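If you want the building blocks of each chain, they are given just below.
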Amino acid sequence: MIDKFFTIVPPWLIVLLVIFNVLLGAAAYLILLERKIASWTQDRIGPNRVGPAGLLQPLADGIKMFVKEDFRSKNTDKFMFTIAPIIMMLVVFTAMAVIPWGGVYQGTLTHESPDAISIPHGATLVGDPEPTGNGTEVVSTYRVPFQVFDANIGVLFLIAVLALAVYAVVFAGWASNNKYSFLGGIRAAAQMVSYEVPMGLSIITVVLMFGTLSLNEITEAQARYWFGFIPAWNIFCQPLAFIMFLICLHAEANRAPFDLAEAEQELVGGYHTEYSSMRLGLLLMGEYVGMVITSAVLVALFLGGWHFPGLTGNVDPANPSVTTSLLEIVLRIVVYLVKILVIIGVFMWVRWTLPRFRYDQLMNMAWRGLIPISLFGMVGTAVVIYFWNREPVDGVLLISGTQAIALLALNVIALVVFAVAAKMLPKANPNRKLQVPGSRFNPTQPATQLD
Amino acid sequence: MKQEDIILVEEPQLTLSDGFYLPQVFIGLGTTMKHMWKTIRPSGDIVVQYPEERREDRPVDEGGMLRPTYRGVHRLNKDMEGRPNCVACFMCSTACPAKCIHIEAGESPWPDREKYPVKFDIDELRCIYCGMCEEACPCDAIELTSIYKLVGTSRQEMILDKEKLLEIYDQTIDHEPM
């Protein structure tokens, strides 16, 4: 019954429609959650006037955004000004395509003849169709991922697409014809370039371990157990890479303490100073949807995706991602979304705890802190994995319990090494005076010439 | 400034955990979590939800308003016969640091006092609610009440005259005795 339905409406379309709309609604409600968490940390109650407990606040905000005047100041670059919010939304929703929301569904279909086999779009046949003995009727078994696009280069695709988000910020800053917006755009660009590197390195650490770029396979590899009871999530064997990735996501999402691109105290509103009405709405919404998507990547890479011990992924230990139950698929999507919500909670919690970094601190942290540590972690992981011959299972190299302990030990060693090395590093001097010709700090020029 | 008055302060050295950011970050996260928990736990509601809940309805030891000492809108007290206590001595308008009390004295129609206020205007927009007038008054005529809701549509409306101030006395005397 449901299998027939899938041949008409393929699962990827269902996932696309459901997740797209859920994300749009979630973005609005995440703003409310953000305000609530902000007020709780500041001993306040938060918005509670519109609807019960303030639950209709996002609706009121949405109406406000729509009916406000869409103002564009005189000398803006009209094309780029318009396209920036569009890019913002486009990028985050494109990245959504490769997130493995619900694993793989396995179903069976009865066809009238071996020549007229029709399976859902995006599905693959498992084995040959078998005759049922009733005339020419055959039964085929198919597998279809509950994911918009099961790309075998999923991770690569994500890095590529998410890096495009900076274009929106830079375009918005440039097109506004406003010094503050422009500064915000420049800051965002430099920050992205710096933080892409440790982010990529920590992703490579994970990719190295499993020898695959498919997010679906990476998630499936984590839906197993070490020593029979510890879930084989990457956070337990690569905690350092997890923390590096989490920090980089804060920077990628332009959120505090890395929100230099929209630092209210210095840059008015940063890159969206000149934006109003729904254009501003799209930029803000893009930011929140981006947060959901990057958290989804984090969950898929380090927190086992839809897997939760005792709840999901226990049907077939040899092939954890395949399930024949649709209830299981729904449960997996719920587990996935809950994990994302937890990560977003951490994002917000961090935002209302930490003050913003100074710009040189931001750069120092990326180039002197995150990049060396994640590079060390990546090379170390590569060495461990190179000398530990592993047989691929279904094309994926799995990590055994002892290997996980070795990798964990490697992480601890990395921490100790950098604790020692940090003491020996030359100190940065952010207040040194640059001896630029023409600068008033230049001792080679007599003071009289400066006036 | 003399040389020996100058104190050179050493910049505190970063410890290892400071240098790594993360341990200190976790301590900070703990602090905010403590505050979050304080607010969202069932008995953690310490804020007065103003329009629904008012400070004057709460007991004083639970953050309620202490009516006798609250400094809100003024009133002019009356005696037993309904006459204003004020004898137009100008003590309050002299003591007023904001110069918001304007009194015009006239000859008293009653034999027990020489003067009485013909006009007694208080500009509630200029008033800083310091309570100096109340302290200066020799006949306990002017007092600050616990009324804090004072609205008007024009500046003129916010200048309370004698009739209005006596009316406030009638409104508040029941729950705020002289």
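Residues numbered from 1 in each chain as written. Chains lettered and ligands numbered in written order. Predicted model: local features only at pLDDT ≥ 70, side-chain atom pairs only at ≥ 80, totals over all residues.

## Re the sheet that holds strand β1 (residues 104-111) of chain A
Residue and element names in this part refer to chain A. As a reminder of what qualifies: Pairing between strands is defined by DSSP: at least two bridges between the two strands are required. Helix and strand definitions here come from DSSP, where helices need a minimum of 4 consecutive H or I residues and strands a minimum of 2 consecutive E residues; each element is numbered from the N-terminal end.
One open sheet holds the 4 strands; their spatial order is β2-β3-β1-β6, and the pairing between them is mixed. Looking at the sheet topology across the chains shown, the edges are occupied by β2 (124-131) and β6 (322-323). Sheet topology note: the β2/strand β3 (residues 138-145) ladder contains 5 bridges and is antiparallel. Among the inter-strand pairings, leucine 125 is bridged to a residue of β3, identified as tyrosine 142.

## Describing unusual backbone geometry
Selection rule: The exposure label follows from counting other C-beta atoms within 10 Å of a residue's C-beta, where the C-beta atoms are placed from the backbone and the thresholds are 20 or more for buried and 12 or fewer for exposed, leaving partly exposed in between.
Positive phi, normally seen in glycine, also occurs at Asn177(A), with a value near 55°. As for its position among the elements, Asn177(A) is in the loop between α6 (165-175) and α7 (179-210). The exposure class assigned to Asn177(A) is partly exposed, which follows from the 15 C-beta atoms found within 10 Å. We note that Asp140(B) has phi near 50°; this positive angle belongs to a residue other than glycine. Tracing the chain through its elements places Asp140(B) in the loop between α4 (132-136) and β4 (142-144).

## Structural notes on the nonpolar core
Residues and elements named next belong to chain A. Cut-off, in case you're wondering: Put simply, a nonpolar core is a cluster of buried Ala, Val, Leu, Ile, Met, Phe, Trp, Tyr and Cys residues tied together by C-beta atoms within 7 Å. Domain boundaries shown here were taken from an automatic or database domain assignment. Whether two residues are in contact is decided by their C-beta atoms, placed from the backbone, lying within 7 Å.
One finds Phe245 and Leu298 to be the most contacted residues of the largest nonpolar core, which totals 116 residues. Here this core takes 15 residues from helix α12 (residues 277-302), the largest share from any one element. Each of two domains, domain 1 (12-101 + 149-424) and domain 2 (104-145), supplies a minimum of three residues to this core. The contacts of leucine 298, once residues within four sequence positions are left out, are Phe245, Leu246, Leu249, Leu303 and Ile343.

## Here's the deal with the interface of chain A and chain B
Under the convention used in this document: Classification convention: Asp, Glu, Lys, Arg as charged; Ala, Val, Leu, Ile, Met, Phe, Trp, Tyr, Cys, Pro as nonpolar; all other residues, Gly among them, as polar.
Contacts between the two partners involve 12 residues from chain A and, on the opposite side, 12 residues from chain B. Counting only elements with at least two residues in the side of chain A that touches chain B, the list comes to α2 (11-41), α13 (326-351) and α15 (401-424) of chain A. Taken together, the residues of the side of chain A that touches chain B sort by class into 8 nonpolar, 2 polar and 2 charged.

## Some thoughts on the packing of helix α14 (residues 359-386) of chain A against α15(A)
Residues and elements named next belong to chain A. In plain terms, the rule: Lines are fitted to the C-alpha atoms to define the axes, a helix being fitted only along its stretch in contact, and any angle between axes, read from their N-to-C directions, falls within 0 to 180 degrees. For any helix crossing, the convention is left-handed if the near helix is rotated counterclockwise from the far helix by under a right angle, and right-handed if that rotation is clockwise.
Taken N-terminus to C-terminus, the directions of α14 and α15 make an angle of 145°; their axes are 10 Å apart at the nearest point. Pair α14 / α15 crosses with right-handed handedness. Residues Ile373, Phe376, Gly377, Gly380, Thr381 and Val384 of α14 form the contact with α15, whose own contacting residues are Ala406, Leu407, Leu410, Asn411, Ala414, Val417 and Phe418.

## Describing the domain arrangement of chain B
Domain boundaries in chain B define domain 1 (17-46) and domain 2 (67-172). Placing a centre on the C-alpha atoms of domain 1 of chain B and another on those of domain 2 of chain B gives a separation of 50 Å.

## Digging into the confidence of the model for chain B
Here is the rule: The predictor rates its confidence in each residue with pLDDT, a number between 0 and 100.
With 98% of its residues at a pLDDT of at least 70, chain B reaches an overall mean of 87. This prediction of the complex comes with two scores: 0.80 for pTM and 0.74 for ipTM.

## A word on the domain arrangement of chain A
Residue and element names in this part refer to chain A. Considered domain by domain, chain A is made up of domain 1 (12-101 + 149-424) and domain 2 (104-145). Look at where the C-alpha atoms of domain 1 and domain 2 centre, and you get two points 38 Å apart. Across the contact, 10 residues belong to domain 1 and 7 residues belong to domain 2. For the side of domain 1 that touches domain 2, the class distribution of residues is 5 nonpolar, 4 polar and 1 charged.

## Description of the environment of Arg143(A)
Residue and element names in this part refer to chain A. Note on placement: arginine 143 falls in strand β3. For arginine 143, a count of 18 C-beta atoms within 10 Å translates into the label partly exposed. Expressed as a C-alpha distance, the spacing of arginine 143 and tyrosine 105, which sit 38 residues apart in the sequence, is 5.5 Å.

## Topic: the environment of Ala26(A)
Residue and element names in this part refer to chain A. Tracing the sequence through the fold places alanine 26 in helix α2. Residue alanine 26 is classed as buried on the basis of its 22 C-beta neighbours within 10 Å. In this structure the C-alpha to C-alpha distance between alanine 26 and methionine 285, which are 259 residues apart in sequence, comes to 9.5 Å.

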